[in-house]
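Results of the structural survey
Chain by chain, the residues:
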There are 2 protein chains.
Amino acid sequence: MVDEMSPVPFYVQLADALAKQIESGKLKPRQPLPSESTLQQEYGVARGTVRSAVRLLRERGLVVTFTGRGTFVSDK
Amino acid sequence: MVDEMSPVPFYVQLADALAKQIESGKLKPRQPLPSESTLQQEYGVARGTVRSAVRLLRERGLVVTFTGRGTFVSDK
DNA sequence: GGTGATTTGTTCGTATGTATT
DNA sequence: TAATACATACGAACAAATCAC
């Protein structure tokens, strides 16, 4: 879930949470992230918020996304 | 782009620019306007500003808007 | 090959909050 | 106070690509 009281935007909180899972090895290279719909439900946010978070991860080079397939942890 | 120094609000400048393209025939009846997101980037303004501009055009009967599809130049 | 479900991509609709003028 | 402008966040509809069967 996301911290409603934090001044940090939800999409940044979510991006940070996912980045942590990637850096800790919980999500490994080439492995898929949960789908947008799954992340929506797990974190209790709207799809647009999930997409903003994933966009950040993409901009940081942590993940790559393919239409119709999903988003995957980048190779290092 | 929009003129930061002008006393005219951004959304009015943008509406005028689009109206000009419609009246000049550069944007023809039934043709779609650029999306809100495209106009944001092209003119360097926020989405709310784009929406205010398009609202003006709608009030003038120059365009019609459909959810999930876009905004189109009105038939005359 | 075909159909339906899943997943991401794109678009507009709406509401709230903040800052500035 | 009111108008402008930006950012965030929700929802809805539709499209394109892929997958499962």
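Residues numbered from 1 in each chain as written. Chains lettered and ligands numbered in written order. Predicted model: local features only at pLDDT ≥ 70, side-chain atom pairs only at ≥ 80, totals over all residues. Heavy atoms only, no water.

**Here's the deal with the overall build of chain A**
- Looking only at helices and strands, chain A features 3 helices and 2 strands.
- Along its sequence from the N terminus, chain A presents helices and strands in the succession α-α-α-β-β.
- For chain A, whose C-alpha radius of gyration is 12 Å, the value lies close to the compact-globule estimate of 11 Å for 76 residues.
- C-alpha atoms of chain A, sized along the principal axes, occupy 35 × 25 × 20 Å.
- Partitioning the contacts of chain A with sequence separation of at least 6, the portion at a separation of at least 24 is 57%.
- Carbon and sulfur atoms make up 53% of the accessible area of chain A, which totals about 5000 Å².
- Averaging the locations of the 11 positively and 8 negatively charged side chains of chain A gives two centres separated by 7 Å. (Helix = DSSP H or I, 4+ residues; strand = E, 2+ residues; numbered from the N terminus. Rg over C-alpha atoms; globule rule 2.2 N^0.38 Å. Contact = heavy atoms within 4.5 Å. Areas by Shrake-Rupley, 256 points an atom, 1.4 Å probe, with all protein chains shown as cover. Lys, Arg positive; Asp, Glu negative; His and termini not counted. Charge placed at Lys NZ, Arg CZ, Asp CG, Glu CD.)

**A look at the packing of aromatic side chains**
Residues and elements named next belong to chain A.
- Inspection of the entire model under this criterion finds 2 aromatic pairs over all chains.
- Judged by centre distance (6.0 Å) and plane angle (55°), the ring pair of phenylalanine 66 and phenylalanine 72 falls under tilted.
- Overall, the relative accessible area of 37% leaves phenylalanine 66 in the partly exposed class.
- Here the basic side chain of arginine 69 rests over the ring of phenylalanine 66, its NZ or CZ set 4.3 Å away from the ring centre. (Phe/Tyr/Trp six-rings, centres within 6.5 Å; stacked < 30°, edge-to-face > 60°. Buried < 20%, exposed > 50% of the residue type's maximum accessible area, 1.4 Å probe, protein only. Lys NZ or Arg CZ within 6 Å of the ring centre and 35° of its normal.)

**A closer look at the protein's contact with DNA strand D**
- Near DNA strand D, the surroundings consist of 18 residues, among which Phe10(A), Thr49(A), Phe10(B), Ala46(B) and Thr49(B) are the closest.
- Within 4 Å of the protein, the contacting atoms of DNA strand D are 92% sugar and phosphate, with bases supplying the remainder.
- For DNA strand D, a phosphate oxygen lies 2.5 Å from a polar atom in the backbone of Phe10(A).
- Looking at the surface near DNA strand D, the elements with two or more residues in it are helix H1 (10-23) and helix H3 (47-59) of chain A together with helix H1 (10-23) and helix H3 (47-59) of chain B. (Near = heavy atom within 4 Å. Polar contact = N/O pair within 3.5 Å; in protein donor to acceptor, adjacent residues only side chain to side chain.)

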